[in-house]
Amino acid sequence: MTSMPSWRLEVTCDDDQMSSEDQIAVLCDEKRPAPRCNVSNLSFTEVEEWLDRHHEIAADYFLQKVDITFINRWLMTHGFLSIREYISSRRNSDTLVISDEQSPVEKTSGYFSDGPELMTSRRSKSKKFLRQNFARSKKKNVFRNSEPISQSADSPTHARRNSLRDFRRFLSLPSRSIHILNLLIESKVRIPRLPSKGVESKRELRFLNERQFFLESVQEIAHDLDVKSLTQKIITNLAVLLDSDCASLYVIEGPKNRKMLVSKVFDVHCGTGIFLPGSGKDDEIKVPWGTGIIGHVANTGETVNLTNTNEDPRYNDEVDKIRGYTTDTLLCMPIRNADDEIIGVAQALNKNLQNGEQQFTEEDEKLAKAYLEFCGIALTNARLFELSQKEYERNRSLLEVVHDLFEEQTSPEKVILKIMQRAQRLVKCERAAVLLLHEGADGEDVKFSRTFELSSSPFIPFSSEMSSVSSTKPEISSALLRFAKRVAATGEVLNLTDPRKIPEGSGRHIRSLLCMPIRDRDYRIIGVATIINRTDGLVFDENDEQLFKAFTLFCGLGINNTLMYSELEKAMARQKVAIEVISYHATASPKDMKKLLSRHLSEAKVLQLTSLKFDDFSLTSDEMIIASIQMFRDLGLLSRFKIDETVLCLFLATVRKNYRNISYHNWRHAFSVAQVMFAILMNCGLKSILADLEILGMMVGCLCHDLDHRGTNNAFQQKSGSALALLYGNKATMEQHHFNHAVMILSSEGHNIFATLIPDEYSRVMNILKNSILATDLSTYFQLRSRFFTLVDNVEYRWEEEEHREVLKSMLMTACDLGACTKPWPIQQKVAKLVTDEFFDQGDKEKLQLKIQPQALMDREKKHELPQMQVTWIDTICLPLYKALSKVNAGFVEMVEGAVDNRDKWKSLASQRTSLTNGNTNIYNKDTAV
């Protein structure tokens, strides 16, 4: 602190009694005598007025003479609790410049004797401290309603500063969600403060105008919602009101079975400036229920007025002996709330000598009773506000718990560490432990799979080390395991309130313990959470139980989600391994490849691959692979896109291997569809309409359009709720699966026949492949065929347009998929038999598994109706499509004629079936078997 000019003032006097030279001499301490004034007529009010007119002199005198006790008194009258809490509040503000150096007050006062080790720890964590306080400082800017006006609001400087402040406020906000959370949950409630007058001013006002003093005293306590500050004001006002030496106040705290009287502030001698502020729970004075005079008053509600206090057997003079004080007279009265319940006790000590008497009168009792009624209202409001603050802090803490638990769910160890750290912060305990139950452990057979314990030093907040040990290791004490097993087995809440210490070994003792089960969302016990030894030495109370119960609820959800995430990771890993195994076994072996490549097949014309009447059953399984390669070669796809014949052969062999061995939707059907597409391209003039890339995608789509078919349709997947329906939904379920399966094969090593394409071509061909496979869903056909029929009937199609060509490609995929109905009758019969067998198998599954009646087409008991259903199928589905295609190109007329011939055959069978009486003759004989 800079040196200041010394001054002296032998006696206070009015400005009119001093010349200007005398005032300068006083201020500058010149070597000349100070003027003498008449002090006999000066009152305190005159001195106070003179000091108000000479602020500099008063401030200089304050800085030279004041001590830490006087500063405490000033803070208490302005709503603060002590110099420590004042400094703490400034450290949390946005106006304090953080420094590693201690202030002079911190160095010289005994309030900051933390020791060099702790100061080193604070200095090393200064950056962390700043980060933790960042959100609080930003909050004060973001939620500030008004700014101090230091200059005109219209001035450029003011506008520039506001813009800069807003810029810093919003652009410097941290991205971490915990900081944003702090902004959102910060309390906007501020305790009202009303500055208090000094004790001497109050005494003077009381003697001059007792009524005005009473009103101001009531107003003063009515504006204070802090219990400690309110207590200080009440005892000061009570002592002045009753003209006593000092006063004290005790409030009732604790549950009904463990009540006690607590003094938040103990005033030793009112007016001397010496009092002991309670800056924390450890500084409070606690009196057991029913002890002494105050205990008697709290218990009975009687007023006690003593003239010789030491002679009363209820009076305890231990405090008087400690402070060297003698209590002669005493007035002790209860404080009641609006429900006439006793909430506290106030007492005044040593009535000042008045009219030769030194005792409290009946008038004093009436005056005190009237004032204490207002005190009861003020204390009730303060206690309610205190409870609301605690509830707010509890909700805030639990919200932070939820944030912490659900922010990190990848590791059970990390989540449990956060749980224990939060538990220590919430309940302020020395140790916390979490024990997870072993799967399958129930009843009395309780076993813990993993146990965690966290211990932290009470001198270094939140600096902790976690020890994770197995339940079979001795680090977790047998006593703690015994309590945890009891809670896990019974599900009860265990709160040890017995003050006797329970030895744990290693010099540790359990003084108090709170143990609760941790439950998952199904209310099953999955673990036990334990907190040990409150830091204040007390037992865990009902508030601790309620808070810890809510805490364990969120912890159970967090641990359960983490364990589920861990199981999900394992399941994903198992799935990955399973896919690798399946891919390996579903891939053609090198031996099969060598065998296929050594074979040579005749050209497509010799095999009649270009014919629309190709026999689907004329080739073996291996021959169909070679024939597929020949179709790619004849279409010019191998040379156009530089596809390696070995890669194509491996791809086709793997595709064949990924078709299941079912009646119809197998590898032979896939090849038949591809052959029909090849014949259409070669005979119906579509090569001039479609681009080579589109032909490539559609040919591959034909070969892959039923990959991994299970012999059941989309409706069955939806009715049974299969995994495919859950994965792909209810729209084109199987078709989506076929496409994804094709993508998986293409993604396998050495199988990508599109590898030589440039990125744009690759993206486009994959889109063509997807649309081609999805087009084989009849629901897609029904959606698009009216549009196609309109284009063809009105000759409005322009194949150079993308939309028209997309519709054409979709119709071609359906035409190829249904191509068996256009083949010669023997082939049609054989295919119909295979389709019927597969449909009947699905119908049987619907009856046995789903317990529903299948459609007639799939009901084995209605197979005699099949010919007529085939007629309907061709009339409504197949013929309209082929007739429309024949209008595009005359090459499709052959398919129309084949469908008509087969329809007539089915019509004839249906007529034979109708002519038979009572259905005694089976139409499915050797001549007409389908």
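This write-up is about the structure you can find in this document. Source: prediction; values computed, not measured. (Residues numbered from 1 in each chain as written. Predicted model: local features only at pLDDT ≥ 70, side-chain atom pairs only at ≥ 80, totals over all residues. Heavy atoms only, no water.)

1. Some thoughts on the packing of aromatic side chains
What counts, and what does not: Each pair of aromatic rings taken from Phe, Tyr and Trp, with Trp reduced to its six-membered ring, is defined by centres within 6.5 Å and is described as stacked if the planes are under 30 degrees apart, edge-to-face if over 60, and tilted in the remaining cases. Secondary structure elements are taken from DSSP: a helix is a run of H or I of four residues or more, a strand is a run of E of two residues or more, and numbering for both begins at the N terminus. Each residue gets one of three labels from its accessible area relative to the maximum for its type: buried under 20%, exposed over 50%, partly exposed in between, using a 1.4 Å probe on protein chains only.
Under the definition given, this model contains ten aromatic pairs. Here phenylalanine 548 and phenylalanine 551 contribute two aromatic rings whose centre-to-centre distance is 5.8 Å and whose plane-to-plane angle is 15°, an arrangement assigned as stacked. Residue phenylalanine 548 and its partner phenylalanine 551 are both found in helix H20 (residues 542-586); the two are separated by three residues, about one turn of the helix. The class for phenylalanine 548 is buried, based on a relative accessible area of 1%. The class for phenylalanine 551 is buried, based on a relative accessible area of 1%. Ring centres of tyrosine 781 and phenylalanine 782 lie 5.4 Å apart, and the angle between their planes is 50°; this geometry places the pair in the tilted category. Looking at tyrosine 781, the relative accessible area reads 0%, which means it is buried. Note on phenylalanine 782: relative accessible area 41%, which makes it partly exposed. An aromatic cluster is built from Phe214, Tyr371 and Phe374, whose rings are joined through pairwise contacts.

2. Digging into helix H26 (residues 667-683)
Applied cut-off: For a helix, the expected span equals 1.5 Å multiplied by the residue count minus one. Here a polar contact is taken to be a pair of N or O atoms separated by no more than 3.5 Å, where protein atoms must pair a possible hydrogen donor with a possible acceptor and residues adjacent in sequence count only if both atoms sit in side chains.
Between its terminal C-alpha atoms H26 stretches 24 Å, which fits the 24 Å expected from 17 residues at 1.5 Å a residue. The element H26 is largely enclosed, with a buried count of 14 among its 17 residues. Near the N-terminus of H26, the side chain that reaches the backbone nitrogen of arginine 668, with its oxygen 3.3 Å away, is that of asparagine 666. Of the residues one or two after H26, glycine 685 is the one with positive phi, at around 65°.

3. Side note on the pairing of strand S8 (residues 342-351)
What counts, and what does not: By the convention used here, strands pair only if DSSP detects at least 2 bridges between them.
Across the ten residues that make up S8, a large majority, nine, are buried. Across seven bridges, the pairing between strand S1 (residues 244-253) and S8 is antiparallel. What sits directly across from cysteine 246, in S8, is leucine 349. As judged from the seven bridges shared by strand S7 (residues 330-336) and S8, these two strands associate in the antiparallel manner. Looking across to S8, one finds that leucine 330 is bridged to leucine 349. Taking the residues that link successive antiparallel strands as the turn, the S7-S8 hairpin has five residues, and the phi of aspartate 340 there is positive, at about 65°.

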